[in-house]
Every structure is written in C-alpha cells, then in structure tokens.
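Inside the fold
Below are the chains, spelled out letter by letter.
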Amino acid sequence: MLKRLLAILALICLLPALALGDEAPTVINLVADPTASWAFEQDAQILEVYFPPVIGADCCILRLGDQVLMVDAATPGQHARVAAALAFAGIDHVQTGFNTHPHDDHIGGFDILYQAASLDELIITFPQDANNNMRRTLRAMKEQGIPVQTAGDGDLLALGNARLEVIKRDVSWFSENDCSAMIRLDYGERSLLLTGDVDRDCQNNLLKTVPEKLDVDIFKYPHHGVRPAGWNFLEHMSPELAVITNTRSRVKDARKDAEKRGIATLFTAEGLVRLRTDGHIWVVDQMEINVE
C-alpha cells in the first residue's frame, strides 16, 4: 500500500513537468526549422510585421487589416530596400509614419517615401527644431501636404485592435539615442518591443520605472546591435527572438551575448524578416527580395 501511495505521489509531482514539456511554442521560427508545423486559428485576423533588409538603419512596417504603420524609414540611400519590402507586402499606402528619433538612419527615408507609398500623417517624438534632420523632414512633409503630429510617453497608436504604446524617456542628460521613443505592441497574447536606439542609461531607467513593459516575446535589438544591450535588460526581457538591423559580422558581441542567453537572432542584412501572429503564436520567416 505504501509503495502504491509513493508511486501516485511521484506521478502527481511529474504532471506539471509533463504539461510544460507539451506546451506549444510561442515563436515558430521557420528560419531555424523550415519544417516546423504550425497553424493559425481559423478566421483569425493576422498581424504582419516586416523588417526591410536595411543595414545599420531602422524601418519596421506593421499591417493589420487595411491599416499600415511604418516605424522609422531608414536613410534616403536605403530607400530601395524599404520600397522592395513594401512591394513584397503589396503595400502602396501607409496611414501613419512614426519616427523614434531624428537621426538620419531613422527619419531620412520619410522625405522620399512618396516614391514607393503614399503617407497620410507623420508622428514625431522630438521637438520640431531638434536638429537639421528633423527640420529637413518637416520641410518635405509641408511640401507634400502631409500633416505632422507629436506623440509622447504613454500615448497609444492606432492599428486595428492591436495595442501600441509609446514608451519614451525625456531626461535632460540623456543622449538623443537614449531619448528614442520605443513602442510596445500587444496583440492577443503576443507581444513585441521596438527599441529605437536606446542605450544603457535608458535601459536602466526603464528597468527601474516600467519593468513590466519590457517582458515580451520578440524585440528589435537597440541601435542596430552596435553595442550589446545591458545584461540585466536582456535577462529581464527574456525574449525568444531578437531582430538586429545590421550584418552578422558587424555585431558579433551583441549576437554572442543574445545567443548565450538563449535568444535566437535574425539579421536584416540577410533578407526581409517577416513576423506574423494571430494573437496566439508568432510565425517568423526570412526571404531574399529583389532590391533594385
């Protein structure tokens, strides 16, 4: 009798571990495993996220239904890469452009976005006289008749029934990179963090003030991976995947640091990165596209 009771107790102790082992993965990474099986929920509306094959610059295109949001637009010199991504996705109209900070590798491409897609409005997160890049882009928007709005910390962006919150720290002694606007996206059970170029000062500030907003499935690595993110930042986030807007060879330290923590990495220099979610799983793939 005693042996039977002990066997039953052992089985009960094993049940949580068995359940965990059978738990479906959150991120289906088809780059790492092209044969992985997956299926979206029937009739679910799919949120799409595209990272064009830019190098050392940022651009992210989000689409849900007929609404499109573009976060940063790379440099004018990499416009062809952004245009190719838009063409691949079949997008020729962007409702909202959003600029994280006015460095040319983030804001410059908005000046000539009209060559690939029309734009309804541009949202900025820095003063209109922040620097020459900002002034140049605002002149271009005025010439094209595109209204400019301003957003700040805690503001929400429109994209169907997805929730996109702006996270921004305006600290007087922070660099422009550390004052980058971040965006946290939540869609159903899934989450994504776009980090702009935030460096260690901002990362530490966020860990102290809003740590709960940093816990996500996938994130865009800060500042193209030119400097590894803080170990505490990565440990707290515990994402499954990082998208790095650079070449693999330029960011060896960031790549090794992420992979040491079990974070898979994808590099936009190696092709268009596409993320799709029904609110329950992410499906990630990457493909080469024709950049003229």
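Reference entry: report on the structure contained in this document. (Residues numbered from 1 in each chain as written. Predicted model: local features only at pLDDT ≥ 70, side-chain atom pairs only at ≥ 80, totals over all residues. Heavy atoms only, no water.)

**Some points on helix α7 (residues 252-260)**
Counting along an α-helix, one turn takes 3.6 residues, and residues three or four places apart therefore face a common direction. Listed in full, the buried residues belonging to α7 are A254, R255, D257 and A258. Angularly, the buried residues of α7 cover 165° about the axis, an arc narrow enough to put them on a single face. Of the exposed residues in α7, those oriented more than 90 degrees away from the buried face are D253, K256 and K260. In this structure, the buried residues of α7 make contact with α6 (231-237) and β14 (264-267). Within two residues after α7, G262 carries a phi angle of roughly 80°, on the positive side. (Buried < 20%, exposed > 50% of the residue type's maximum accessible area, 1.4 Å probe, protein only. Helix = DSSP H or I, 4+ residues; strand = E, 2+ residues; numbered from the N terminus. Arc of directions from axis to C-beta. Contact = heavy atoms within 4.5 Å.)

**Quick notes on helix α5 (residues 200-209)**
Buried within α5 we find C202, Q203, N205, L206 and L207. Where α5 is buried, its residues contact β9 (163-167), β10 (182-187) and α6.

**Quick look at the sheet that holds β14**
In space, the 7 strands of this open sheet follow the order β8-β9-β10-β11-β12-β13-β14, with mixed pairing throughout. Of all the strands in the sheet, just β8 (156-157) and β14 have a single pairing partner and so form its edges. Both β10 and strand β11 (residues 190-194) contribute to a ladder of 5 bridges, which runs antiparallel. Looking at β11, one finds that L185 is bridged to L192. (Pairing = 2+ DSSP bridges.)

**Observations regarding the packing of aromatic side chains**
Counted according to the given criterion, the structure contains 4 aromatic pairs. Judged by centre distance (4.8 Å) and plane angle (90°), the ring pair of W173 and F174 falls under edge-to-face. Accessibility expressed as a relative area gives 9% for F174, which makes it buried. Between F219 and Y221, the ring centres sit 5.6 Å apart and the planes meet at 40°, which makes this aromatic pair tilted. Looking at F219, the relative accessible area reads 1%, which means it is buried. Taking the relative accessible area as the measure of exposure, Y221 reaches 0% and is therefore buried. (Phe/Tyr/Trp six-rings, centres within 6.5 Å; stacked < 30°, edge-to-face > 60°.)

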